[in-house]
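# Secondary and tertiary structure notes
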Amino acid sequence: MQPASPYNGGVGSVRFEVVAQCPVTGARAGLLHTPHGVVETPVFMPVGTQATVKGLTPRELAEDLDAKILLANTYHLYLRPGHETIRRLGGLHGFMHWDRAILTDSGGFQVFSLSSLRKVTDDGVLFRSHLDGDEHLFTPASTVDVQLALGSDILMALDECLEYPVSHETARQSVRRTVSWARAAFEHFRRQGETASSLFPIVQGSMFTDLRRECAARLVELEADGHAIGGLSVGEPRALSLEMVEAAVPLLPRDRPRYVMGVGLPEELAEYVARGVDMMDCVMPSRNARNGCLFTSRGRVVIKQARYKEDAAPVDDHCGCYTCRHFSRAYLRHLFLAGEILFATLATLHNLRRYLDIMRELRQAIILGAFPESARRLCALPGEGK
Ligand SMILES: [Zn+2]
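Sequence order sets the numbering: in each chain, residues are counted from 1 along the sequence as written. The model is predicted, so local features are restricted to residues of pLDDT at least 70 and side-chain atom pairs to those at 80 or more, both for listing and for counting; the totals for chains, interfaces and linings are taken over all residues. With hydrogens and water stripped out, all remaining heavy atoms of the structure feed into the side-chain values.

Moving on: the overall build of the chain. Check the secondary structure of the chain and you find 15 helices and 17 strands. The C-alpha extent of the chain, read off along each of the three principal axes, is 65 × 50 × 40 Å. Each accessible area value is a Shrake-Rupley result obtained with a 1.4 Å probe; residue values ignore everything except the protein chains displayed when judging cover. By element, 51% of the accessible surface of the chain is carried by carbon and sulfur atoms, the whole surface being about 15,600 Å². Charge assignment: positive for Lys and Arg, negative for Asp and Glu; neither His nor the chain ends contribute. A charge is said to be at NZ when it belongs to Lys, at CZ for Arg, at CG for Asp and at CD for Glu. With 43 positive and 45 negative side-chain charges, the chain shows a separation of 3 Å between the mean positions of the two kinds. Strands here mean DSSP runs of E at least two residues long; helices mean DSSP runs of H or I at least four residues long; both are numbered from the N terminus.

Here it is, written out as structure tokens:
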């Protein structure tokens, strides 16, 4: 047995409390206490792949968007500039001048999606960098060390991410490996003694509910401070992603946060929250922003369309972001067509604000006992046009 931490019987520094729960759906409003501040949940975490949310300054993220937690990618930062460099420069918080919470992923997803020459063994995964072809080995222990060097508040245990679809047997082997890697990661993490971080294991199991349940049950034995559900949004139908979350969530402890990785569309956020999910992240709002697709309270605005050429209205007249308060669709369309850098900034500010506003609205609705109505309205958003 590991020594008990002062929090929840977990092993790290992150503590979670549920402050309200929807009696109909099980959606929760909570507070996630991290060494770098308190995060209100449910929360959407903007993605800062290379220690930057593309197009935004940390000041805009903190002051304009009031984001309380960001995600950064272990794989990318390990390869460039290198975790030891970042450690020497003050960890991620100092390096990127962000004094709020940071979650890093395990590197698993990028190893399996970006790199080549992957040899997966029970010890770890050997891969070639997508940058220069150099060979690297990620093990459960080494990815914990990389994330500790980065100084993340929440670390992820190395997991095996499968493509879709795979056979039940392949997924079963992968679950066995993911559980064994998670155990190795936790043993290594706990050997470090007290750290200002928490480590979350990741539930895998491809698109098989029995494997998702088995994986969740085995990982819960680790008594982690929180749990992630990964391996979704890999090309499967969206109903199937939700089904996998439904399979895993009931097995996860109610007093720990649940994090679904890599989802989703604005109208899907409420679906996950309704299933008891507390944390999410996705590149969708920032990537789509740069591509000229803006999410609004009335659906999508594809800014390059000719209909916006002389449109003096803001992107979304219900939005209070800097972009919507000061700029017209016509101006944004002009910036986009002219290839101006400012477009990425203004569009990303708006899209992330939209995601964060949805989560704040859902949280408020849970607290007020009005979550089902709020969720229905948000899930019914049209996909196109306005
Ligand atoms: Zn806006």
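There is more to say after this.
Looking now at the coordination of the zinc ion. The coordination sphere of the zinc ion contains the protein donors Cys319 (SG), Cys321 (SG), Cys324 (SG) and His350 (ND1), at a distance range of 2.1 to 2.3 Å. Each of the 4 donor atoms bound to the zinc ion contributes to angles spanning 97 to 119°, and the resulting shape is tetrahedral. In this listing, donors mean N, O and S atoms no farther than 2.8 Å from the metal, or 3.2 Å for Na, K and Ca; water is missing from the atoms, so a site can look incomplete. Mapped onto the sequence, the donors of the zinc ion take the spacing C-x1-C-x2-C-x25-H. Of the two residues, Cys321 is situated in the loop between β17 (299-302) and α12 (322-326) and His350 in helix α14 (residues 341-368); the sequence distance between them amounts to 29 residues. Summarising the burial analysis for this pair, Cys321 and His350 share the class buried. Note on geometry labels: four donors, all angles 85 to 135 degrees, give tetrahedral; four donors become square planar and six octahedral when opposite donors are over 155 degrees apart and every other angle is between 65 and 115; remaining cases are irregular. Working definition: with a 1.4 Å probe on protein chains only, accessible area under 20% of the residue-type maximum means buried, over 50% means exposed, and in between means partly exposed.

Turning to unusual backbone geometry, a few remarks are in order. The linkage connecting Arg80 with the following residue, Pro81, adopts the cis geometry, with an omega of 10°. Tracing the backbone shows Pro81 in the loop between α2 (74-79) and α3 (83-88). Of note, the bond from Tyr164 into Pro165 is cis; its omega dihedral lies within 30 degrees of zero at 0°. One can find Pro165 in the loop between β10 (154-156) and α7 (168-191). In this model, Leu117 sits at a positive phi of 50°, which is unusual for a non-glycine residue. With respect to the helices, strands and loops of the structure, Leu117 is situated in strand β7 (residues 116-120). Although it is not a glycine, Ser206 sits at a positive phi angle of roughly 45°. Structurally, Ser206 can be placed in the loop between β12 (202-203) and α8 (209-220).

Side-chain alternation along strand β8 (residues 125-128) places Val125 and Phe127 on a buried face and Leu126 and Arg128 on a face that remains uncovered. Across 3 bridges, β7 lies against β8 in antiparallel orientation. Each bridged residue has a counterpart across the sheet, and for Val120 the counterpart in β8 is Val125. Counting the residues in the hairpin turn of β7 and β8 gives 4 residues. Here β8 runs beside strand β9 (residues 135-138); their pairing, made up of 4 bridges, is antiparallel. The partner of Leu126 across the bridge, within β9, is Leu137. What sits between the antiparallel neighbours β8 and β9 is a turn of 6 residues, in which Gly133 has the positive phi angle 80°. Following DSSP output, two strands are said to pair if at least two bridges run between them.

This part takes up the packing of aromatic side chains. Working definition: a ring pair exists when centres of Phe, Tyr or Trp rings (six-membered ring for Trp) sit within 6.5 Å. Plane angles under 30 degrees give stacked, over 60 give edge-to-face, the rest tilted. Across all of its chains, the model carries 8 aromatic pairs by this definition. Ring geometry for Tyr322 versus Phe327: centroids 5.6 Å apart, planes at 70°, classification edge-to-face. Overall, Tyr322 belongs to the partly exposed group, its relative accessible area being 36%. Three or more aromatic residues joined by ring pairs form one cluster here, namely Tyr75, Tyr78, Phe127 and Phe138.

Now for the pairing of strand β6 (residues 101-104). Residues Ala101 and Leu103 point to one face of β6 and Ile102 and Thr104 to the other, with burial holding for every one of them. Across 4 bridges, the pairing between strand β5 (residues 69-72) and β6 is parallel. Each bridged residue has a counterpart across the sheet, and for Ala72 the counterpart in β6 is Thr104.

Attention shifts here to α14. Along an α-helix, a turn takes 3.6 residues, which lines up residues three or four apart on a common side. Expected helix span is computed as 1.5 Å times (number of residues minus one). The end-to-end C-alpha separation of α14 is 41 Å, in line with the 40 Å expected for 28 residues at 1.5 Å each. The element α14 is largely enclosed, with a buried count of 20 among its 28 residues. Downstream of α14 by one or two residues, Gly369 has phi in the positive range, about 75°.

Turning our eyes to something else, we now look at the packing of α7 against α8. To get an axis, a line is fitted to the C-alpha atoms, and for a helix only the part in contact is used. The angle between two axes follows their N-to-C directions and goes from 0 to 180 degrees. The interhelical angle for the contact between α7 and α8, taken along N-to-C directions, is 10°, at an axis separation of 10 Å. Overall, the two elements α7 and α8 adopt an arrangement that is roughly parallel. Of α8, the residues touching α7 (which contributes His168, Ala171, Arg172, Val175, Val179, Ala182 and Arg183) are Asp210, Leu211, Cys215, Arg218 and Leu219. Gly is put with the polar residues, along with every residue not named as nonpolar or charged; the nonpolar set is Ala, Val, Leu, Ile, Met, Phe, Trp, Tyr, Cys and Pro, and the charged set is Asp, Glu, Lys and Arg. For the contact of α7 with α8, the per-class residue count stands at 7 nonpolar, 1 polar and 4 charged. Small angles under 35 degrees read as roughly parallel and large ones over 145 as roughly antiparallel, with 65 to 115 read as roughly perpendicular and the rest as oblique. Residue contacts follow a heavy-atom distance rule, with two residues in contact if any of their heavy atoms lie within 4.5 Å.

Joining through side-chain atoms within 4.5 Å is the link that ties buried Ala, Val, Leu, Ile, Met, Phe, Trp, Tyr and Cys residues into a set, and such a set is a nonpolar core. By size, the foremost hydrophobic cluster in this structure holds 88 residues, and its most contacted members are Phe44, Leu92, Ile229, Met280 and Phe371. Non-local contacts of Phe371, meaning those with residues more than four positions away in its chain, are made with Cys22, Thr25, Ala27, Ala270, Val273, Ala274, Leu362, Ala365 and Ile366. Ranked by size, the runner-up nonpolar core spans 19 residues in total, among them Val14, Phe16, Ala101 and Ile202.

Within a sheet, each strand pairs with its neighbour through backbone hydrogen bonds, oriented either parallel or antiparallel. One open sheet accounts for 5 strands, arranged β4-β15-β14-β13-β12; its pairing is parallel. Only two strands of the sheet have a single neighbouring strand rather than two, namely β4 (43-45) and β12. Two strands pair when backbone bridges link them, and strand β14 (residues 258-260) and strand β15 (residues 279-281) are joined in this way by 2 bridges, in the parallel orientation. If you follow Val260 over to β15, its bridge partner there is Met280.

The next point concerns the pattern of salt bridges. Two side chains that carry opposite charge are able to pair once their charged atoms sit near each other. Criterion for a salt bridge: a side-chain nitrogen of Lys or Arg within 4 Å of a carboxyl oxygen of Asp or Glu. A full pass over the atoms with the stated rule returns 22 salt bridges. Residues Arg176 and Asp122 are paired through a salt bridge, measuring 3.4 Å at the closest nitrogen-oxygen approach. With Arg176 in helix α7 and Asp122 in the loop between β7 and β8, the pair connects residues that are 54 residues apart, well separated along the chain. Overall, the relative accessible area of 35% leaves Arg176 in the partly exposed class. Across the pair Arg353 and Asp357 runs a salt bridge, and its minimum N-O distance is 3.1 Å. A residue pair is termed a helical-turn pair when its members lie 3 or 4 positions apart in one helix, as Arg353 and Asp357 do in helix α14 at 4 residues.

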